[in-house]
Amino acid sequence: MRLILFMLIAFLSVPVLAGNIYTYKISNACIVKTSIVPMPDILPPKMQYQINIQLNEREGKRLREFTKKIIGKYMRMTNGFGESLKIPPHEVVSEVGGRFRLSPYKTKALAEMVINVLLKKGGHCGPSS
């Protein structure tokens with residue numbers, strides 16, 4: 001009984017990941033180009049898709065500087081209003097610049113829906129507090 005209680009207390013004292021996730025917003029104002037392509041390593045019937053994104057030069061530099069500071073931490077991307085892009089946060093393993101991809105998306109329709117969320121007018125680009 002004591003061992004189970006100790007394990008439960010130890011588990012509850014582990015920091016919650018949600019408090020350690022950085023967010024970067026991308027609005028239509030900073031996007032130059034988007035495209036949806038099949039992921040090259042995954043063939044039918046398990047095909048998945050990725051969204052390729054190109055940001056304008058200014059925003060690409062901002063994203064590079066931001067991700068440079070948080071390497072080893074978790075980050076999620078949202079649209080300019082903070083709405084989800086339907087992928088979980090990922091660990092930043094290197095700088096991300098003006099060209100990157102969001103993946104995986106199980107269907108092309110889901111990837112298209114995410115592009116529609118990204119391209120909503122309004123909102124802003126940059127790190128979110």
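Enquirer: Any chance you could break down the sheet that holds strand S1 (residues 21-26) for me, citing the residues and the numbers?
Expert: On the basis of which strands lie adjacent, the open sheet formed by four strands has the order S5-S4-S1-S7 and mixed pairing. Of all the strands in the sheet, just strand S5 (90-91) and strand S7 (126-128) have a single pairing partner and so form its edges. One ladder, built from two bridges, connects strand S4 (residues 74-79) with S5; its direction is antiparallel. Bridged to Met75 within S5 is His90. Those strands touched by helix H2 (residues 57-69) are S1, S4 and S7, and its axis lies near 180° from that of S1.

Enquirer: Lay out the confidence of the model for the chain with the relevant residues and their values.
Expert: Per-chain confidence: the chain averages 85 in pLDDT, with 84% of residues scoring 70 or above. By mean pLDDT, helix H1 (residues 2-12) is the weakest element of the chain at 34, and H2 is the strongest at 97. Throughout residues 1-17 the model reports pLDDT below 50, and contacts reaching past four residues in sequence, or to other chains, amount to two contacts.

Enquirer: Which residues make up the packing of aromatic side chains, and what are the values?
Expert: Taken as a whole and assessed by the stated rule, the structure comprises two aromatic pairs. Ring centres 6.2 Å apart and planes at 75° place the aromatic pair Tyr22 and Phe66 in the edge-to-face group. Of this pair, Tyr22 sits in strand S1 while Phe66 sits in helix H2, and the two are 44 residues apart along the sequence. The exposure class of Tyr22 is partly exposed, given its relative accessible area of 34%. Among the aromatic side chains, those forming a connected cluster through ring pairs are Tyr22, Tyr24 and Phe66.

Enquirer: Which residues make up H2, and what values go with them?
Expert: Over its 13 residues, H2 runs 19 Å from end to end, which matches the ideal 18 Å to within 8%, given 1.5 Å per residue. Every buried residue belonging to H2 is among Glu59, Gly60, Leu63, Phe66 and Thr67, and all of these are buried. Along the axis of H2, the buried positions cluster into a sector of 130°, meaning they face one direction only. Away from its buried face, by an angle of more than 90 degrees, H2 presents the exposed residues Glu57, Arg58 and Lys69. Packing partners of the buried residues in H2 comprise S1, strand S3 (49-55), S4, strand S6 (99-105) and S7.

Enquirer: Account for the side chain of Thr23, naming residues and giving values.
Expert: Tracing the backbone shows Thr23 in strand S1. The class of Thr23 is buried, set by a relative accessible area of 12%. Engagement of the side chain of Thr23 in a polar contact is seen with the side chain of Arg76, the distance being 3.2 Å. Residues contacting Thr23, with those up to four places away along its chain left out, are Phe66, Arg76, Thr78, Gly126, Pro127 and Ser128.

Definitions and cut-offs
Residues numbered from 1 in each chain as written. Predicted model: local features only at pLDDT ≥ 70, side-chain atom pairs only at ≥ 80, totals over all residues. Heavy atoms only, no water. Pairing = 2+ DSSP bridges. Helix = DSSP H or I, 4+ residues; strand = E, 2+ residues; numbered from the N terminus. Contact = heavy atoms within 4.5 Å. Axes fitted to C-alpha atoms, helices over the stretch in contact; angles between N-to-C directions. pLDDT = per-residue confidence, 0-100. Phe/Tyr/Trp six-rings, centres within 6.5 Å; stacked < 30°, edge-to-face > 60°. Buried < 20%, exposed > 50% of the residue type's maximum accessible area, 1.4 Å probe, protein only. Expected span 1.5 Å × (residues − 1). Arc of directions from axis to C-beta. Polar contact = N/O pair within 3.5 Å; in protein donor to acceptor, adjacent residues only side chain to side chain.

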